[in-house]
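Listed below are the residues making up each chain.
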Amino acid sequence: MEQSIHPDSNIYKFPIHPFKRFNKKCVEFKQPVEITCFSYDENRQLHMDDRESRYYYPPNLEDCNLSVGYENLIQKSEGPEPIHSLLDALIHLNETKGDEVKADIVSWRGIFTKLLCTPYNRNESWEFGATLYNNTIFIEEHETEQTRLYREGSTPKAKLMGYWGYKFEALCTIGVPATEIQSPDDPELLARKNTIVNTNIQYCSVSKTSLGKNRLIMGAEVDCLIDVKPPYPENPINRYIELKTTKILKNERDNFLFERYKLIKFWAQSFLIGLPKIIVGFRDDDGNLCSLKEIKTLEIPRMVRGKDKMWDAVICLNFLNEFFEWLRRVIDIEDANSSYVISFKEPYQEIEVTFCHNKNPVLADRHLKSFGK
Ligand code: A3P
Ligand code: MG
Ligand code: MG
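Residues numbered from 1 in each chain as written. Chains lettered and ligands numbered in written order. Predicted model: local features only at pLDDT ≥ 70, side-chain atom pairs only at ≥ 80, totals over all residues. Heavy atoms only, no water.

A look at the packing of helix α2 (residues 109–117) against helix α6 (residues 252–271)
Then, in step 1: Running from N to C, α2 and α6 cross one another at 130°; their axes reach a closest spacing of 9 Å. Here α6 runs oblique to α2, going by the angle between their axes. You can see that α2 and α6 cross each other, and the crossing is right-handed. Each of R109, T113, L116 and C117 in α2 lies in contact with α6, whose residues at this interface are I264, K265, W267, A268 and Q269.
Then, in step 2: Residue composition of the contact of α2 with α6, grouped by class: 5 nonpolar, 2 polar and 2 charged. (Axes fitted to C-alpha atoms, helices over the stretch in contact; angles between N-to-C directions. Helix = DSSP H or I, 4+ residues; strand = E, 2+ residues; numbered from the N terminus. Parallel < 35°, antiparallel > 145°, perpendicular 65-115°, else oblique. Left-handed = near helix turned anticlockwise from the far one by under 90°. Contact = heavy atoms within 4.5 Å. Nonpolar A, V, L, I, M, F, W, Y, C, P; charged D, E, K, R; others polar.)

As structure tokens, then:
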């Protein structure tokens, strides 16, 4: 039987190991620059503005149980977010400011984060869909059994713990600049204690950057910003803060697990959009917030450097650069109605790419006109 040039069964593989091959001079990563932003409101309606951005204001550690209000949680129900709203934001930018943004790869920051951590990932599978259109690869996430279980919480305790992260965000943020808070009884501070957590609400920043020769555009949810005196920095990213919760560290083993498995994700997530500072809330097993620590994103690689069985940011960045170079050679069928599946699964040795004719296109019809030639 004659083989077609691109049979559906073609599988391309990018081996992860030996990842020592990525241990060389670090590829250049340009400082990300915000190009636009948007918000989802409480009903998940999209607005091309910053109406849902919040200001950081430290929580009151005296009175901080992260389980409070769990019964009122309003949770966004679907699985991974398609990239439609990100593409709508790029189209809006083009229509209102005339800015035409060109990139080799467009996706959510969460997808870039998973890719950046892949050399050190031994047990978390993921699957993405990608469509090549007008020389740009658009990538979105597919839900797998493992990511669904993680998102929904596999046990009642896991579901509650999923709430803790959102509640921490609610307790650390206010709707007005911190300088406007006059006293501990300020209505903004009282209001945030009783806020009903609604995960539909998000503020997203869209930034452009490049990794080696790969021009990237990322959409990223941003937790809050710090209040600074004008003049404001030109790039709003410099004011952004990421909030994370984690278990208190009681011994050497806890420290190791935190640095090996959590810090790599904290670093990757924030580094990719050039976000400078992470505020970590340490909590006990009952969800009581015990302490806070500020971590500068750029200092994280040094915190783990040279330690046994750790990770190396240079390997992550060189890996991602070479993976993107390879991906851009492999993904060569420009077809808005089709997609490629990019997957990483047991035994976690390689990333696989397959072409799926006329299946799961990433772009909606309304995007084709705008991103067309
Ligand atoms: P923690 O990361 O503090 O546990 P983010 O930190 O990325 O802004 O996300 C905020 C919170 O959303 C997380 O807090 C966690 O509670 C929850 N969360 C994030 N990604 C999730 C996912 N894929 N599935 C379930 N919950 C998630
Ligand atoms: Mg967030
Ligand atoms: Mg956060």
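Now that the structure is up, let's keep going.
As for the sheet that holds strand β2 (residues 33–40)
Then, in step 1: Across the sheet, 10 strands lie side by side as β1-β16-β15-β6-β7-β5-β10-β9-β2-β3; this open sheet has mixed pairing. With partners counted over all chains shown, the strands left at the sheet margins are β1 (11–15) and β3 (46–47), one partner each.
Then, in step 2: Strand direction decides the pairing type here: strand β9 (residues 202–211) and strand β10 (residues 214–221), joined by 8 bridges, are antiparallel. Of the residues in β10, the one forming a bridge with V206 is G219.
Then, in step 3: Along the sheet face, α2 touches β5 (105–108), β6 (126–133), β7 (136–142), β10 and β16 (350–356) and points at about 100° away from the line of β5. (Pairing = 2+ DSSP bridges.)

Considering the confidence of the model for the protein
Then, in step 1: On average, residues of the protein carry a pLDDT of 94, and 97% of them reach 70 or more.
Then, in step 2: Overall, residues 1–8 carries pLDDT values under 50, and its contacts beyond four positions in sequence, including any with other chains, amount to 6 contacts.
Then, in step 3: Two numbers describe this predicted complex: its pTM, 0.95, and its ipTM, 0.94. (pLDDT = per-residue confidence, 0-100.)

Digging into the site of ligand 1
Then, in step 1: Not every one of the 13 residues close to ligand 1 is listed here, only the nearest: G162, E242, K244, T245 and Q269.
Then, in step 2: A distance of 3.1 Å separates an oxygen atom of ligand 1 from a polar atom in the side chain of E169.
Then, in step 3: K244 is positioned such that a nitrogen or oxygen atom in its side chain is 2.8 Å from an oxygen atom of ligand 1.
Then, in step 4: A total of 530 Å² of accessible area belongs to ligand 1 in isolation, and the protein chains cover 73% of it.
Then, in step 5: Looking at the shell around ligand 1, the elements that each hand over two or more residues are α3 (145–152), α4 (156–172) and β12 (240–247).
Then, in step 6: For the shell around ligand 1, the per-class residue count stands at 3 nonpolar, 4 polar and 6 charged. (Near = heavy atom within 4 Å. Polar contact = N/O pair within 3.5 Å; in protein donor to acceptor, adjacent residues only side chain to side chain. Areas by Shrake-Rupley, 256 points an atom, 1.4 Å probe, with all protein chains shown as cover.)

What about the coordination of the magnesium ion (ligand 2)?
Then, in step 1: Surrounding the magnesium ion (ligand 2) are the protein donor atoms E221 (OE) and D223 (OD), at 2.0 to 2.2 Å.
Then, in step 2: Between the two metal centres, the magnesium ion (ligand 2) and the magnesium ion (ligand 3), the spacing is 3.4 Å, with D223 acting as a shared donor.
Then, in step 3: We classify D223 as buried; its relative accessible area is 7%. (Donors = N, O, S within 2.8 Å, 3.2 Å for Na, K, Ca; no water. Buried < 20%, exposed > 50% of the residue type's maximum accessible area, 1.4 Å probe, protein only.)

Thoughts on the packing of α6 against helix α8 (residues 313–330)
Then, in step 1: One can describe the packing of α6 onto α8 by two numbers: an axis separation of 12 Å at closest approach and a directional angle of 50°. Considering their axes alone, α6 and α8 lie oblique with respect to each other. Crossing handedness for the pair α6 and α8: right-handed. On α8, the residues that touch I264, W267 and F271 of α6 are A313, C316 and L317.

Observations regarding the pattern of salt bridges
Then, in step 1: This structure, assessed with the given rule, holds 21 salt bridges.
Then, in step 2: The salt bridge involving K265 is made with E124; its shortest N-O contact spans 2.9 Å. With K265 in helix α6 and E124 in the loop between α2 and β6, the pair connects residues that are 141 residues apart, well separated along the chain.
Then, in step 3: The exposure class assigned to K265 is partly exposed, which follows from its relative accessible area of 37%.
Then, in step 4: Between R151 and E152 there is a salt bridge, with the nearest N and O atoms lying 3.6 Å from each other. (Salt bridge = Lys/Arg side-chain N within 4 Å of Asp/Glu carboxyl O.)

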